[in-house]
Amino acid sequence: MKEREISRRRFLELAGISSTGIFFLKFPVERLFSQEVKMQDIRFEDHFEIDKDTIRKLLDLGLSKGADFSELYMEYTINENIFWEDQILKDASKGISRGIGIRVIKEDSFGYAFSDDISFESLKNCALTAAEIASGSAKVKSADLSPKRFKNLYPVKELFTKKPVPSKIDLLKRADDRARKYDPCINKVSASFMQTLKFITIVNSEGLYVTDAQPLIRFGISTVAEKNGKKQRGSRSGGGRIGMEYFIENPPEKLAKEASEQAVKFLDAKDSPAGKFPVVLAPGWSGILLHEAVGHGLEADFNRKKESNYSDRIGDKVASELCTVIDDGTIMNQRGSINCDDEGNKSNKTVLIENGILKGYMHDRISSKYFKVNPTGNGRRESYKQFPIPRMTNTYLLAGKSSSEEIISSVDYGIYTRNFSGGQVNISNGDFVFSAVESYLIEKGKITAPLKGVTLIGNGPDVLTRVKMVGNDFLLSDGVWTCGKNGQSVPVGVGLPTVKISEITVGGTKV
């Protein structure tokens, strides 16, 4: 079934009976996200009108030309998106997509085909197409399927599909109202609420049979302040693999106030100095710098191809001894968390760099066999249309011993950055240019004026060697980040304590 757009009126009608959007389940959906559910009791094959005998036939077709391994990835996804702008509902949409991807592996090569037509003939053609990666006759048969169960890392109290759309629109309206009341300078507000519920089933020729149901929400607000011919933008977002209870601790008014405060404060921002300065990264959102400039270089496919600064360096000192870098897909309700990866492997907490020493990489099935290590639960894909590759989950730097006050007071003149809008990164070597959307001057050990036009220019692996102090105030960012790689996007999490870097090149407008 192809994803489809529907009218606002029809969307509201559907939303009024939104619980029927998951009618295909024979299992009460609200129980899917409780800790005690036995996922193997859920007959996910029912959504796909495909039984286990058919699955075995397709797996054997994948093996029919001499491949070592075949796999089916089945996905059913519901998306709801609501956009608010200029005090009106701007857009609302709901889409459902369903399809199956078939991967066949021969040694370290693979064939992949997918279809949203789930008739046997279509899937048979997919299996035979993917099987072309090998040539010859079948050497192995698929094993009996054996259901596997993992701990549920995203318990949900109130699934978004249970809430009528008008109540969600009210969240956006409340954010708009609070933003405009914060200051008369706020003259433009936009907000969005994006919700996804994805059901996946993964089976393979070795007998693996895994199911998962993955909720995801993201709420965001953007404000514009204008005064004396100056304009500044502020923004805040949050969410995760959680239900509507997210808004109990994070009401839309809170995000709106923070976004408005940022926009108004930066109306008087000074031009950023340019040159090489000590830089202090604030806890939480600054972790995106670690993700982009260091994390990608630790994904095993780049290292298998010798395209990373970290290739062939396991056991080497690659960072300051203050740095321990973790990828952890097991954090409850976090945006990057997964019960299992998209190859059916259990999610893990993987130490990548420990006290400055490179310990390992993030693996999918192919890379783990190449490096002769166990899978790390990092084989991820955007949808059934893509094959899995090594991807991060929640990536962060462990806390140190210094207080944030000690770190900031140690800087005579430097830059304090709290958040980034994005940037450019050469994934293979870690060279980066990042634009900071919220940064301040540090003068004589104190945070002073807000700055505009701050960009950080450097190399991720080099920056890790320049870490001089690590704070004891570790913080995960609220769930907003989406990582792109090889044309695929997946939700991820980032985290960081306050970190002092001895020197980074700052591109500013004041020389």
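What counts as what
The written sequence of each chain sets the order in which its residues are numbered from 1. Local features in a predicted model are, by the rule used here, given only for residues with pLDDT of at least 70; side-chain atom pairs are given and counted only at 80 or more, and totals for whole chains, interfaces and linings are based on all residues. As a convention, hydrogens and water are excluded, and side-chain values are obtained from all of the structure's heavy atoms. Two aromatic rings from Phe, Tyr or Trp, using only the six-membered ring of Trp, form a pair when their centres are within 6.5 Å; if the ring planes differ by under 30 degrees the pair is stacked, by over 60 it is edge-to-face, and anything between is tilted. Secondary structure elements follow DSSP: runs of H or I of four or more residues count as helices, runs of E of two or more count as strands, with numbering from the N terminus. To sort residues, take the accessible area from a 1.4 Å probe on protein chains only and compare it with the maximum for the residue type: under 20% means buried, over 50% means exposed, and anything in between is partly exposed. A helix is expected to reach a length of 1.5 Å times the quantity of its residues less one. The reported arc concerns the directions from the helix axis to the C-beta atoms and nothing else. Here, two residues are considered to be in contact whenever any of their heavy atoms come within 4.5 Å of each other. Contacts described as polar in this section are N or O atom pairs within 3.5 Å, which, within protein, must combine one atom able to donate a hydrogen with one able to accept it, while residues neighboring in sequence count only if both atoms come from side chains. Salt-bridge detection follows one rule: a side-chain nitrogen of Lys or Arg within 4 Å of a carboxyl oxygen of Asp or Glu. Two strands make a pair as long as DSSP finds a minimum of two bridges between them. All axes here are fitted lines through C-alpha atoms, helices being fitted over the stretch that makes contact, and every angle between N-to-C directions spans 0 to 180 degrees. Reported orientations rely on four angle classes, namely roughly parallel under 35 degrees, roughly antiparallel over 145, roughly perpendicular from 65 to 115, and oblique for the rest. Two helices that cross are described as forming a left-handed crossing if the nearer one is turned anticlockwise from the farther one by less than a right angle, and a right-handed crossing if clockwise. Put simply, Ala, Val, Leu, Ile, Met, Phe, Trp, Tyr, Cys and Pro go in the nonpolar bin, Asp, Glu, Lys and Arg in the charged bin, and everything else, Gly too, in the polar bin.

Draft legend 1. Examining the packing of aromatic side chains more closely. For the coordinates displayed, the defined rule picks out 16 aromatic pairs. Seen from their ring centres, Phe 420 and Phe 434 are 5.7 Å apart, and the 70 degrees between their planes marks the pair as edge-to-face. On the criterion of sequence distance, the pair formed by Phe 420 in strand 16 (residues 413–425) and Phe 434 in strand 17 (residues 431–443) is long-range, its members being 14 residues apart. You can call Phe 434 buried: its relative accessible area is 2%.

Draft legend 2. Looking closely at helix 4 (residues 165–182). Spanning 18 residues, helix 4 covers 26 Å between terminal C-alpha atoms, matching the ideal 26 Å at 1.5 Å per step. Along helix 4, the residues classified as buried are Val 165, Lys 168, Ile 169, Leu 171, Leu 172, Ala 175, Asp 176 and Ala 179. Take helix 4 and look down its axis: the buried residues cluster within an arc of 145 degrees, on one side only. Facing away from the buried surface of helix 4 by more than 90 degrees, the exposed residues are Pro 166 and Lys 181.

Draft legend 3. View of the environment of Glu 406. Relative to the helices and strands, Glu 406 resides in helix 10 (residues 404–409). Spatially, the C-alpha atoms of Glu 406 and Met 469 are 9.1 Å apart, while their sequence positions differ by 63 residues. Leaving out residues up to four positions away in the same chain, Glu 406 has contacts with Lys 401 and Met 469. Reaching out from Glu 406, the side chain makes a polar contact with the backbone nitrogen of Ser 403 at a distance of 2.9 Å.

Draft legend 4. Just the pattern of salt bridges, in detail. Evaluated as defined, the whole model comprises 27 salt bridges. For the salt bridge of Lys 163 with Glu 158, the shortest nitrogen-to-oxygen distance reads 3.8 Å. When its relative accessible area of 32% is taken as the criterion, Glu 158 is described as partly exposed. Salt bridges linked by common partners bring Arg 236, Lys 254, Glu 258, Arg 418 and Glu 438 together as one network.

Draft legend 5. Region of the structure containing the pairing of strand 5 (residues 186–204). Of all 19 residues making up strand 5, 14 are buried, and the element is well covered by its neighbours. Bridge analysis of strand 1 (residues 69–85) against strand 5 gives 15 bridges, and the strand direction is antiparallel. Bridge assignment links Trp 84 to a residue of strand 5, and that residue is Ala 191. Bridge count for strand 5 against strand 6 (residues 208–227) is 17 bridges, and the pairing is antiparallel. Its bridge partner being in strand 6, Ser 192 is matched across the sheet by Gly 220.

Draft legend 6. Representation of the packing of helix 2 (residues 52–63) against helix 3 (residues 120–131) within the structure. Between helix 2 and helix 3, whose axes approach to 7 Å, the crossing angle comes to 30 degrees. It follows from the interaxial angle that helix 2 and helix 3 lie roughly parallel. Where helix 2 crosses over helix 3, the two elements pack in a sense that is right-handed. Listed contacts from helix 3 to Thr 54, Lys 57, Leu 58, Leu 61 and Gly 62 of helix 2 are Phe 120, Leu 123, Lys 124, Ala 127, Leu 128 and Ala 131. When grouped by side-chain class, the residues that make up the contact of helix 2 with helix 3 number 7 nonpolar, 2 polar and 2 charged.

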